[in-house]
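Structure at a glance
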Amino acid sequence: MDTAVDPAVAARRPWIRRFVAKMPWVTRFCASWLIVIVAAAVFADLIPGLADPNYQGFLFGDGATNEGPGLSHFLGTDNNSRDILARIVYGARVSLTVALAAVFMGVVFGGFFGSLVGFVRGKTDSTVMAVVDVILAFPGLVLLLTVVTLLGRRDLVVIATVIGFLSIPPYTRVARANALSISRREFVTAARAIGTKKRTILFREVIPNVLPTLLAYAMVNAAVIILLEGALAFLGLSVEPPTSSWGTMVNASRVDLQINVWPAIWPSLALVFTVYSLNNVGDWLRRLRSVRSAAL
Amino acid sequence: MIVLARRLVQLVAVVLAATFLTFTAMNTLGDPLFNVVGFVAAVDCDAVEAGEIEDISGQGGTSLGDCAVVAEAREEFHLNEPLPIRYGRWVGDLIRGDFGTSFKNRMPVSTVLADRLPKSLLLMGMAEVFAVALSVPWALAAAYRANRAMDRASTIGAFGMLALPNFALGVILFYFFVVKWQIFPSRFEDDNLAVRLKSLVLPALTLGMPLAATYFRLLRTDLITTLQEDFVVMAKAKGLSNRWIMFRHALRPSMFSLVTVFGLNTAALIGGALIVEQIFSIPGLGRALVEASIRDDYPVVLGATVVIATGFVAINFAVDLVYSYLDPRVRRES
């Protein structure tokens, strides 16, 4: 084991190896998966031997629909005889972008506004929360339809932005709930007592303590969002076909679910691995930095 | 009392803002006239009347008769008036308890809501009961021995539950419990409460599983944070039993995120759950809302928006009250 290596020897290694040496093996596996999936999504066009994700082999007499996993198609083919592996790799682009947009906008804007109003309370609180309720009550589908109609296009940027925007209110509520309780804790009172500026308390005391819960919410939310994008595709409202995404793939598989379950299983597995890996690596990164053990 | 009055004002403001936005959005989406009279809406009736376009009755073309229908529909739904006036008219009707009439089948929206809402509410209630009953003991067990084998397995299990799409889970449950073993009815049955509850068991499980996973993750995270606090160390030092510490000391202050997300999900589920309603043939609000949104049937969308907005404000009020119960320190210093 690397932990048994003499510290003097370990210190001479390049930093990246020292970094990796501290990782438990599960975390190494998770980090590798994340690197692989992101790299594959970015460089999908350059991967040798990867099939065209939209090539429907059965139309040209090579390959059949709903093939099981095999040598010609590692993960099999879907009900349009398209290569599932290729569709998962290209689909990662849409799924990861949408999930990232939701998590980023939710954590940054929702986290900031929620922490702010949970800390200062009063009129700011009731105003911001009323706006949040309006956004929550406004049917999301109608918003999406309106934006798509007004802009006249339905590409990844539009979908990711709308889903990201709609993610802000729930994160605001979760951040506020935790900020309410944290603002009454001893260390905040202590900071007030020694005359720390409000802004400093917000950024140095409240937000860092809201973040673990918010990130835990982000992880479960990311999985939900990836599937939600598939539900939108089911209504014909996501990124235009034949562009693939994990959610879309899972959703499209329902037609032939009795014949062939693989098209539903593979993207679901990719989703589980990705979300779990994010969780695991995030947890590990936090544990590196904090004295108290992280709860992510 | 003052708090209640302030909340009522907030409720009215939220409902008005949400419905006004919805109203504007629905009217920019498409011509509602199209939904009332169909393709005839596209006919340039002024031109027909002026004789510029030939009147080809009965050949799928335009006719003066069709134009009379169009004019009548415009009159009936006040579609000639400018948008703010129509919105004002809708609000006025709403205050008198009139939700308007659906464009689709000319049914009063209040009838549609009264028919659909109870089913969605019942489904929501069952799903939430299931999710909470599963997630709270599960999170307590996992957080008690954090990062041990059981906790790690739970984390993977929870993400598995989240990643399993609800239609796949729904179809699997449907196959075994309805088709193979014939334990539950294949569609929603509405005879009495027992039958209703029975036909909602599977949909509630389908909806509840991802909810349970979400609640589990949030409660576990917060529990682990709470268990590192000084008062827990103190309780341990006093020699209190672990069970007592988990239930009486740690659980309550750890429930902020859980209660918040519970409130969000509950309010969202008032609006129904499209896919689950479709798999199990439940005539709930979710299907009505999605169909109405796509068809520009805005009276129905607006009616549902009123219900959902009221739900959000009411539930968030309740959630705020629960916060101060969970942690007395949160109470307003007044």
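Every value quoted in this text rests on a predicted model; they were computed, and no experiment measured them. (Residues numbered from 1 in each chain as written. Chains lettered and ligands numbered in written order. Predicted model: local features only at pLDDT ≥ 70, side-chain atom pairs only at ≥ 80, totals over all residues. Heavy atoms only, no water.)

1. So, the packing of helix H6 (residues 140-151) of chain A against helix H7 (residues 156-182) of chain A
Residues and elements named next belong to chain A.
- Axis separation between H6 and H7 bottoms out at 11 Å; the angle between their running directions is 145 degrees. Viewed along their axes, H6 and H7 form a crossing whose handedness is right-handed. Each of Gly140, Leu143, Leu144, Val147, Val148 and Leu151 in H6 lies in contact with H7, whose residues at this interface are Val158, Ile159, Val162, Phe165 and Leu166.
- Of the residues assigned to the contact of H6 with H7, the class counts are 10 nonpolar, 1 polar and no charged. (Axes fitted to C-alpha atoms, helices over the stretch in contact; angles between N-to-C directions. Helix = DSSP H or I, 4+ residues; strand = E, 2+ residues; numbered from the N terminus. Left-handed = near helix turned anticlockwise from the far one by under 90°. Contact = heavy atoms within 4.5 Å. Nonpolar A, V, L, I, M, F, W, Y, C, P; charged D, E, K, R; others polar.)

2. Focus on the packing of aromatic side chains
Residue and element names in this part refer to chain B.
- One pass over the structure, following the stated rule, counts 13 aromatic pairs over all chains.
- Each ring, one from Phe177 and one from Trp181, has its centre 5.5 Å from the other, and the planes form 90 degrees; the classification is edge-to-face.
- Using a relative accessible area of 25% as the deciding quantity, one classes Phe177 as partly exposed.
- Owing to a relative accessible area of 49%, Trp181 belongs among the partly exposed residues under this scheme.
- Just above the ring of Trp244 sits the side chain of Arg248; from NZ or CZ to the centre is 5.4 Å. (Phe/Tyr/Trp six-rings, centres within 6.5 Å; stacked < 30°, edge-to-face > 60°. Buried < 20%, exposed > 50% of the residue type's maximum accessible area, 1.4 Å probe, protein only. Lys NZ or Arg CZ within 6 Å of the ring centre and 35° of its normal.)

3. Here we look at the confidence of the model for chain A
- Mean pLDDT over chain A works out to 78, with 80% of the residues at or above the 70 mark.
- Mean pLDDT across the elements of chain A bottoms out in helix H1 (residues 7-12) of chain A (63) and peaks in H7(A) (89). (pLDDT = per-residue confidence, 0-100.)

4. Describing the nonpolar core
- Ranked by size, the top nonpolar core spans 168 residues in total, and within it Trp246(A), Leu271(A), Phe159(B), Leu219(B) and Tyr323(B) carry the most contacts.
- With 17 residues, the top contributor of residues to this core is helix H9 (residues 198-234) of chain A. (Core = buried A, V, L, I, M, F, W, Y, C linked by side-chain atoms within 4.5 Å.)

5. Notes on the side chain of Ser120(B)
- You can see Ser120(B) is positioned in helix H6 (residues 109-144).
- Discounting residues that sit within four places of it in the chain, Ser120(B) has contacts with Leu269(B), Ile270(B), Gly272(B), Glu277(B), Gly284(B), Leu285(B) and Gly286(B).

6. So, the interface of chain A and chain B
- Taken together, the 57 residues of chain A in the interface contact 59 residues of chain B.
- Carbon and sulfur atoms make up 67% of the area that chain A and chain B hide from each other, which totals about 5,000 Å².
- Taken together, chain A and chain B are joined by 2 salt bridges.
- Between Arg176(A) and Asp320(B) there is a salt bridge, with the nearest N and O atoms lying 3.2 Å from each other.
- Taken together, the connections running from chain A to chain B amount to 6 residue pairs in polar contact (both at pLDDT 80 or more).
- At the level of elements, helix H5 (122-137), H6, H7, H9, helix H10 (246-252) and helix H11 (262-289) of chain A are the ones that each hand at least two residues to the side of chain A that touches chain B.
- If one sorts the elements of the side of chain A that touches chain B by residue count, H9(A) sits on top with 11 residues. (Buried area = accessible area lost by both parts, 1.4 Å probe. Salt bridge = Lys/Arg side-chain N within 4 Å of Asp/Glu carboxyl O. Polar contact = N/O pair within 3.5 Å; in protein donor to acceptor, adjacent residues only side chain to side chain.)

7. Things to note about unusual backbone geometry
- Positive phi values are uncommon outside glycine, yet Arg121(A) reaches one of about 55 degrees.
- One can find Arg121(A) in the loop between helix H4 (84-120) and H5.
- A relative accessible area of 12% places Arg121(A) in the buried class.
- Even without a glycine there, the phi angle at Ser281(B) is positive, about 50 degrees.

8. Examining H5(A)
- Between its first and last C-alpha atoms H5(A) spans 23 Å; for 16 residues at 1.5 Å apiece the expected length is 22 Å, and the two agree.
- Those residues of H5(A) hidden inside the fold are in contact with H4 and H7 of chain A together with helix H1 (2-29), helix H13 (256-270) and helix H16 (298-326) of chain B. (Expected span 1.5 Å × (residues − 1).)

9. Some remarks on the environment of Ala102(A)
All names here are of chain A.
- Structurally, Ala102 can be placed in helix H4.
- Along the chain, Ala102 and Ala160 lie 58 residues apart, while their C-alpha atoms are 7.3 Å from each other.
- Once residues lying within four places of it in the same chain are set aside, the contact partners of Ala102 are Ile163, Gly164, Ser167, Tyr171 and Ile225.

10. Description of the pattern of salt bridges
- In the structure shown here, the tally under the stated rule is 9 salt bridges over all chains.
- Among the salt bridges present, the one from Arg7(B) reaches Asp320(B), with a minimum N-O distance of 2.7 Å. Of this pair, Arg7(B) sits in helix H1 while Asp320(B) sits in helix H16; the two residues are 313 residues apart in sequence, bridging distant segments of the chain. The pair formed by Arg7(B) and Asp320(B) is uniform in burial state, with each residue classed as buried.
- Among the charged side chains, a salt-bridge network with shared partners connects Asp125(A), Arg176(A), Arg7(B) and Asp320(B).

11. Description of H6(B)
- In this model H6(B) runs 50 Å from its N-terminal to its C-terminal C-alpha over 36 residues, within 8% of the 52 Å that 1.5 Å per residue would give.
- Arg116(B) marks the point of greatest bend in H6(B), at about 30 degrees, and the proline Pro118(B) comes within the next four residues. (Bend = angle between axes of the 7 residues up to and from the residue.)

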